[in-house]
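Listed here are the chains, written in short residue letters.
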Amino acid sequence: MVKSVFVSVLILLAVGVFESAIISNISFLPAVPDLLLLCVIYMALLNGRTYGSSTGFISGLFQDFLTGCPFGFNMLLRSLLGYFPGFFSKSINFSGFFIPAAFGLIGTIVKVVITWIISLFFPNLIVNYDIISLAFLFELVCNTLLAPFIFKLMNMFSRLIALSDGDL
């Protein structure tokens, strides 16, 4: 279990740094695809709700440090986003194209809804998404189309990050 958590943390850190240092600096992109979200969804589908919310919390911690968001916002958001796909752990085959794409689409929409709900409590601190915008549409399409590829890439590390039945 320690090995899988350690490898997961390393993967999330690498993806978080890649997303915030490289992808966010590409000037012609209207929005940044959320690769951390896709990694957390994969880990939640692989290992369940507890592992998904834990990896969501860790990815949110990394993102809070790497971005200018209020501290704790991404930790809460990503913990919730990691918890819900865990309901489908061990009961759905997510190795194809359409299931990961559907999880990328639904995860992005749920992220926007949860961000909007949190922004109701903290209206001056959190900038929520404009649902009818090019940036949101770009992020939605990118997350949907990149999800199968991220899942295939993460599948190469599945033996290292998967919990055994005794670890659950």
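Above this text is the structure in question.
These notes cover the structure that comes with them. Counting of residues starts from 1 at the beginning of each chain's written sequence and follows it residue by residue. The predicted origin of the model limits local features to residues at a pLDDT of at least 70 and limits the giving and counting of side-chain atom pairs to 80 or more, whereas totals for whole chains, interfaces and linings rest on all residues. For side-chain calculations, the full set of non-hydrogen atoms in the structure is used, while hydrogens and water are omitted.

### Comments concerning the packing of helix α4 (residues 73-83) against helix α5 (residues 98-121)
Then step 1. At a minimum axis separation of 10 Å, α4 and α5 run at an interaxial angle of 135°. In terms of their interaxial angle, α4 and α5 are classed as oblique. Regarding α4 and α5, the two cross each other, and that crossing is right-handed. For the pair formed by α4 and α5, the contact residues are Phe73, Leu76, Leu77, Arg78, Leu80 and Leu81 on the first element and Gly107, Val110, Lys111, Ile114, Thr115 and Ile118 on the second. Only C-alpha atoms enter the line fits that serve as axes; for helices the fit covers just the stretch in contact. Angles between N-to-C directions range over 0 to 180 degrees. A helix here means a DSSP run of H or I that spans at least four residues, while a strand means a run of E at least two residues long, and both kinds are numbered starting from the N terminus. Just so you know how the angles are binned, under 35 degrees is roughly parallel, over 145 roughly antiparallel, 65 to 115 roughly perpendicular, and the rest oblique. Crossing handedness: left-handed means the near helix sits turned counterclockwise from the far one by under a right angle, and right-handed means the same turn made clockwise. Any two residues whose heavy atoms approach within 4.5 Å are treated as being in contact.

### Points about the environment of Pro70
Then step 1. Mapped onto the secondary structure, Pro70 falls in the loop between α3 (49-66) and α4.
Then step 2. Taking the C-alpha atoms as reference points, Pro70 and Ser59, 11 residues apart in sequence, are found 15 Å from one another.

### Focus on unusual backbone geometry
Then step 1. Residue Lys90 is not a glycine yet carries a positive backbone phi of 65°.
Then step 2. With respect to the helices, strands and loops of the structure, Lys90 is situated in the loop between α4 and α5.
Then step 3. Residue Lys90 is classed as exposed on the basis of its relative accessible area of 56%. Three exposure classes are used, based on accessible area relative to the maximum for each residue type with a 1.4 Å probe and protein chains only: buried under 20%, partly exposed in between, and exposed over 50%.

### Focus: helix α1 (residues 2-21)
Then step 1. One less than the residue count of a helix, multiplied by 1.5 Å, gives the span that helix is expected to have. The terminal C-alpha atoms of α1, which comprises 20 residues, lie 28 Å apart, in line with the 28 Å expected from a rise of 1.5 Å per residue.
Then step 2. Ser4, Val7, Ser8, Ile11, Leu12, Val15, Gly16 and Glu19 are the residues of α1 that are buried. For α1, the angular spread of the buried residues around the axis is 165°, confining them to a single face. The outward face of α1, more than 90 degrees from its buried face, is lined by the exposed residues Val2, Lys3 and Phe6. Within this analysis, the arc is defined by the directions that extend from the helix axis to the C-beta atoms.

### Quick notes on the packing of aromatic side chains
Then step 1. The pairing test for Phe, Tyr and Trp rings, Trp by its six-membered ring, is centres within 6.5 Å, and the orientation test on the planes gives stacked under 30 degrees, edge-to-face over 60, and tilted for anything in between. Using the criterion set out here, one finds 8 aromatic pairs in the structure.
Then step 2. Taken together, a centroid distance of 5.7 Å and an interplanar angle of 70° make the contact between Phe88 and Phe103 edge-to-face. Note that Phe88 is positioned in the loop between α4 and α5 and Phe103 in helix α5, a separation of 15 residues in sequence.
Then step 3. Taking the relative accessible area as the measure of exposure, Phe88 reaches 40% and is therefore partly exposed.
Then step 4. A connected cluster of aromatic rings, assembled from ring pairs, spans Tyr42, Phe94 and Phe151.

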